[in-house]
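Structural description and commentary
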Amino acid sequence: MKSERLLECIKTRRSVRAFRPEPVTREIILKCLEAARYAPSAQNIQPWRFVVIDEEPVRESFCKTVFSGPYRATRWAMRAPVLILVCAEKHTLVHGAAAGLQSIPYHVMDIGISGEHLVLQAQALGLGSCWIGWFHVKKAARFFHLPRTVKPLAVIALGYPAATSKPRTRKLKKQEEIFFFNKWKL
């Protein structure tokens, strides 16, 4: 069944920080982006914008710029064949007024859903990925001359996992610690 394959993909996906040097074709990158494009969003605004960085000189320059100073620990990403700068284009009504009333940053939720679609598609295609939130956001925006309405939220490293990249076993909380039906239970 397809649903079992999806659950297996979800269960086996891990953050990958070591990649083989082989390039990822644009065709495969586009399949990942297409999965992201199908994500739901508040009011169907589709605020996601993706800047694909797959040319080595651009990637190297970008990494030196955004993974410097206190963000230096994330420089391992320079070895990923593809980086995707995940941005949100904020819209006044949904991401301003409605978010203000609810104190919920809807654009961040939307981007999270879209980005997860992307990394799950990557997993299904045999790629490894890693969400990166530790980078210099302002320098990333300046690097690509982003308009003020577009905010970088994450970088996704993408590529074929290196043989040394063995997934760690995750210890998950028990279901009864996180699933509650019809009432809150501690």
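Presented here is a report on the structure given in the accompanying data block.

Rules used in this analysis
- Every chain is numbered independently, its residues counted from 1 as its sequence is written.
- Reporting of local features is limited, given that this is a predicted model, to residues whose pLDDT is at least 70; pairs of side-chain atoms are given and counted only at 80 or more, and all residues count toward the totals for whole chains, interfaces and linings.
- The side-chain figures draw on all heavy atoms in the structure; neither hydrogens nor water molecules are used.
- Only DSSP runs of H or I with at least four residues qualify as helices, and only runs of E with at least two residues qualify as strands; both kinds are numbered from the N terminus onward.
- Taken over C-alpha atoms, the radius of gyration is set against a globule rule of 2.2 Å times the number of residues to the power 0.38.
- Only protein chains enter the accessibility calculation, which uses a 1.4 Å probe. A residue is then buried if its area is under 20% of the maximum for its type, exposed if over 50%, and partly exposed in between.
- Throughout, a residue-residue contact means that at least one pair of heavy atoms, one from each residue, lies within 4.5 Å.
- Positive charges are assigned to Lys and Arg, negative charges to Asp and Glu, while His and the chain termini are left out of the count.
- Here the site of a charge means atom NZ of a Lys, CZ of an Arg, CG of an Asp or CD of a Glu.
- Every angle, taken between N-to-C directions, lies between 0 and 180 degrees, and every axis is a line fitted to C-alpha atoms, over only the stretch in contact when it is a helix.
- It is the rotation of the near helix from the far one that decides the hand of a crossing: anticlockwise by less than a right angle makes it left-handed, clockwise makes it right-handed.
- All amino acids are sorted into three groups, where Ala, Val, Leu, Ile, Met, Phe, Trp, Tyr, Cys and Pro are nonpolar, Asp, Glu, Lys and Arg are charged, and the leftover types, Gly among them, are polar.
- Only when DSSP finds a minimum of two bridges between them are two strands counted as paired.
- Any carboxyl oxygen of Asp or Glu that lies within 4 Å of a side-chain nitrogen of Lys or Arg is treated as forming a salt bridge with it.

In terms of regular secondary structure, the chain is built from seven helices and four strands. Ordered by position from N to C terminus, the α and β elements of the chain give α-α-β-α-β-α-α-β-α-β-α. Its C-alpha atoms give the chain a radius of gyration of 18 Å, within 12% of the compact-globule value 16 Å for 186 residues. The buried share of the chain, reckoned over its 186 residues, is 37%. Long-range contacts, defined here as pairs at least 24 residues apart, represent 80% of the contacts in the chain between residues at least 6 apart. Measuring between centres, the 30 positive side-chain charges of the chain sit 8 Å from its 14 negative side-chain charges.

Now for the packing of helix 2 (residues 26–37) against helix 5 (residues 106–124). For the pair helix 2 and helix 5, the least separation of the axes is 7 Å and the interaxial angle reads 145 degrees. When the axes of helix 2 and helix 5 are compared, the crossing they make is right-handed. Within the contact between the two elements, helix 2 uses K31, C32, L33, A35 and A36 and helix 5 uses S114, H117, L118, Q121 and A122. Among the residues forming the contact of helix 2 with helix 5, the class breakdown is six nonpolar, three polar and one charged.

Strand order in the open sheet formed by four strands is 1-2-4-3, and the pairing between neighbours is antiparallel. The outermost strands of the open sheet, each flanked by one partner alone, are strand 1 (48–53) and strand 3 (128–132). Neighbour to neighbour, the strand axes of the sheet diverge by 25 degrees on average, direction disregarded. As paired elements, strand 3 and strand 4 (residues 150–159) share five bridges and run antiparallel to each other. Residue pairing for strand 4: S129 is matched across the bridge by L158.

Here we take up the pattern of salt bridges. For the structure shown, the criterion picks out five salt bridges. A salt bridge links R49 to E89; the nearest nitrogen and oxygen atoms lie 2.7 Å apart. Highlighted residues: R49 in strand 1 and E89 in strand 2 (residues 82–89), separated in sequence by 40 residues. A residue is classified by how much of its surface remains accessible, and E89, at 23% relative accessible area, is partly exposed.

This next bit is on unusual backbone geometry. Not every positive phi belongs to a glycine, and Q43 is a case in point at roughly 55 degrees. Of note, Q43 is situated in the loop between helix 2 and strand 1. Look at N182: it is not a glycine, yet its phi comes out positive at around 65 degrees. Looking at where N182 falls in the secondary structure, it is placed in the segment after helix 7 (175–178).

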